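Descriptive analysis of the structure
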Amino acid sequence: MNIPLIDLKAHHQALHAEITSAIQNILERTDFILGQDVAKFEEEFAAFCGTKYAVGVSSGVAALELSLLAFGIGPGDEVLVPAHTFTATAAAVSFTGAKPVFVDVDPVTWTLDVTKLEEAITPSTKAMIPVHLYGLPADMDPIRAIAKKHNLIIVEDACQGHGATYKGTRTGNLGDAAAFSFYPTKNLGACGDAGMVTTNDEKVAEAVRALRNCGQRVKNVHELPPFNHRMDSMQAAILRVKLPHLDDWLESRRSLAGLYNQLLADTPVVTPVEPHGYRHIYHLYVIRAQDRDGLQAMLKENGIGTAIHYPIPVHQQPFYMKNGQGQGPYPVAEKICSEILSLPMYPELTEEQVEVVASTITRVLVPTA
Ligand SMILES: *Cc1c(COP(=O)(O)O)cnc(C)c1O
């Protein structure tokens, strides 16, 4: 039996007819870019997150970049980002001309270590980007307290966190603005690139609307940097078909994660935590293993797909090393990157498949079992 890391074909099967008809409608209407489906999806996604505004853009990294720009962040400014995240979090800061300043992550939750935030703050610090990594929200109460004390903007990187909650509030509604990605493998994925900024701040929403579309607040007057980060209507139409199913998909992921946790409890691997008051939505189900590479090779031999998110901490990426922004050490991020392994996780994965993955791991790591 082959068990892939993710199965997008299975994921789209049940929705095939609805997606085809949504695309057909756009071919008829021809409002291909920022069309009526984009406006409707923005309303529906804002309602999902509980925010006043949602602005559709071309990708998650564009959502991060435009959020920062909407708050006036640019050259000379510093923005705090976790040392353990997808590179796009830091890349978005670099695109604005500001400097990403890395902060190590918590050894238990693997999100921003709130005890290390304040020592990274300088007079140039303007913002921070907590990442809801793998689907677990960052610890937002202390993050918000520190932001308030130092007058910093919070832009959530919610690209892995659609529908996760922190003390009852959904991600996207936990900071000053938030960035979502609808990259096909995300928990809510398009059939191409797409992203979204959510906020309760009307000025920020309005600035992102202008920034995504050639810097125009008024047609033909290019007041802000004239980027093209517009959202494609077909992606919005497909996402509108999928959004009503998202909560069911998240429940399915949570239940599969619970089964993994239970079946792996007597093995030496470290399973993900869900602290009290958090709702983890398991964009990825990530374990830690001492001989990670050996375990990954053995799972591969048994037809089980895995991946490493991410093998190199952001501060050690060549881009940040070469421009001098990557000084560490960030020991927790560095250790995590050498031990993490993402196991198969998608809503259509079956309990039997989870059992096969878990028993394969047990067979290798607990030889007496
Ligand atoms: C996917 C992702 C992004 C970037 O999203 P794109 O749509 O690929 O640009 C940013 N941050 C995190 C944490 C992500 O997982």
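Cut-off values and rules
- Residues numbered from 1 in each chain as written.
- Predicted model: local features only at pLDDT ≥ 70, side-chain atom pairs only at ≥ 80, totals over all residues.
- Heavy atoms only, no water.
- Helix = DSSP H or I, 4+ residues; strand = E, 2+ residues; numbered from the N terminus.
- Buried < 20%, exposed > 50% of the residue type's maximum accessible area, 1.4 Å probe, protein only.
- Pairing = 2+ DSSP bridges.
- Axes fitted to C-alpha atoms, helices over the stretch in contact; angles between N-to-C directions.
- Contact = heavy atoms within 4.5 Å.
- Patch = residues over 30% accessible without salt bridge, like charges linked within 9 Å, V, L, I, M, F, W, Y side chains within 5 Å.
- Areas by Shrake-Rupley, 256 points an atom, 1.4 Å probe, with all protein chains shown as cover.
- Salt bridge = Lys/Arg side-chain N within 4 Å of Asp/Glu carboxyl O.
- Near = heavy atom within 4 Å.
- Polar contact = N/O pair within 3.5 Å; in protein donor to acceptor, adjacent residues only side chain to side chain.
- Nonpolar A, V, L, I, M, F, W, Y, C, P; charged D, E, K, R; others polar.
- Right-handed = clockwise from strand over helix to strand, strands pointing away.

Notes on unusual backbone geometry
- For the bond running from His 309 to Tyr 310, omega is 20°, close enough to zero to count as cis.
- Note that Tyr 310 resides in the loop between helix H10 (292-301) and helix H11 (318-322).
- For Thr 30, which is not a glycine, the phi torsion comes out positive at approximately 65°.
- Note on Thr 30: relative accessible area 47%, which makes it partly exposed.
- Look at Lys 167: it is not a glycine, yet its phi comes out positive at around 50°.

Quick word on the sheet that holds strand E6 (residues 165-166)
- Taken together, three strands build an open sheet; the order of strands is E7-E6-E12 and the sheet is antiparallel. Since the sheet does not close on itself, it has two edges, and those belong to strand E7 (169-170) and strand E12 (278-279), each with one partner.
- Examined bridge by bridge, E6 and E7 share two bridges and lie antiparallel to one another. For Thr 165, the partnering residue across the bridge sits in E7 and is Arg 170.

Examining the sheet that holds strand E2 (residues 78-82)
- Taken in spatial order, the seven strands of this open sheet run E1-E9-E8-E5-E4-E2-E3, and their pairing is mixed. In this open sheet, the two edge strands, each paired with only one partner strand, are strand E1 (53-57) and strand E3 (99-103). Adjacent strand axes in the sheet meet at a mean angle of 25° when their direction is disregarded.
- Two strands pair when backbone bridges link them, and strand E5 (residues 153-157) and strand E8 (residues 177-181) are joined in this way by three bridges, in the parallel orientation. Bridge assignment links Asp 157 to a residue of E8, and that residue is Ala 179.
- Where helix H6 (residues 140-150) meets the sheet, its contacts fall on strand E4 (125-128) and E5, and the angle it forms with E5 comes to roughly 150°.

Notes on a nonpolar patch on the surface
- Among the surface-exposed residues, Leu 27, Phe 32 and Ile 33 lie close enough to one another that they form a single nonpolar patch of about 270 Å² accessible area.
- We classify Leu 27 as partly exposed; its relative accessible area is 44%.

Regarding the site of the ligand
- Around the ligand sit 13 residues in total, of which Gly 60, Asp 157, Gln 160, Ser 181 and Lys 186 are the nearest.
- A distance of 2.9 Å is found between an oxygen atom of the ligand and a backbone nitrogen or oxygen belonging to Val 61.
- In isolation the ligand exposes 380 Å². Once the protein is present, 92% of that is buried.
- Those elements that place two or more of their residues in the shell around the ligand are helix H4 (60-70) and helix H5 (88-96).
- Each residue belonging to the shell around the ligand can be placed in one class, and the counts come to five nonpolar, six polar and two charged.

Concerning the pattern of salt bridges
- Under the counting rule described, the total for this entry stands at 19 salt bridges.
- Note that Arg 212 is salt-bridged to Glu 42, the shortest N-O span being 2.8 Å. One end of the pair, Arg 212, is in helix H7 (residues 202-212); the other, Glu 42, is in helix H3 (residues 36-49), and 170 residues separate them in sequence. The same class applies to Arg 212 and to Glu 42, which are both buried.
- As a salt-bridge pair, Arg 240 and Glu 44 come within 2.7 Å of each other at their nearest N and O atoms.

Quick notes on the pairing of E5
- In terms of burial, E5 is largely enclosed, as four of its five residues are buried.
- Bridge count between E4 and E5: two bridges; the pairing is parallel. Each bridged residue has a counterpart across the sheet, and for Ala 127 the counterpart in E5 is Ile 153.
- What joins E4 to E5 is H6, and the crossover it makes is right-handed.

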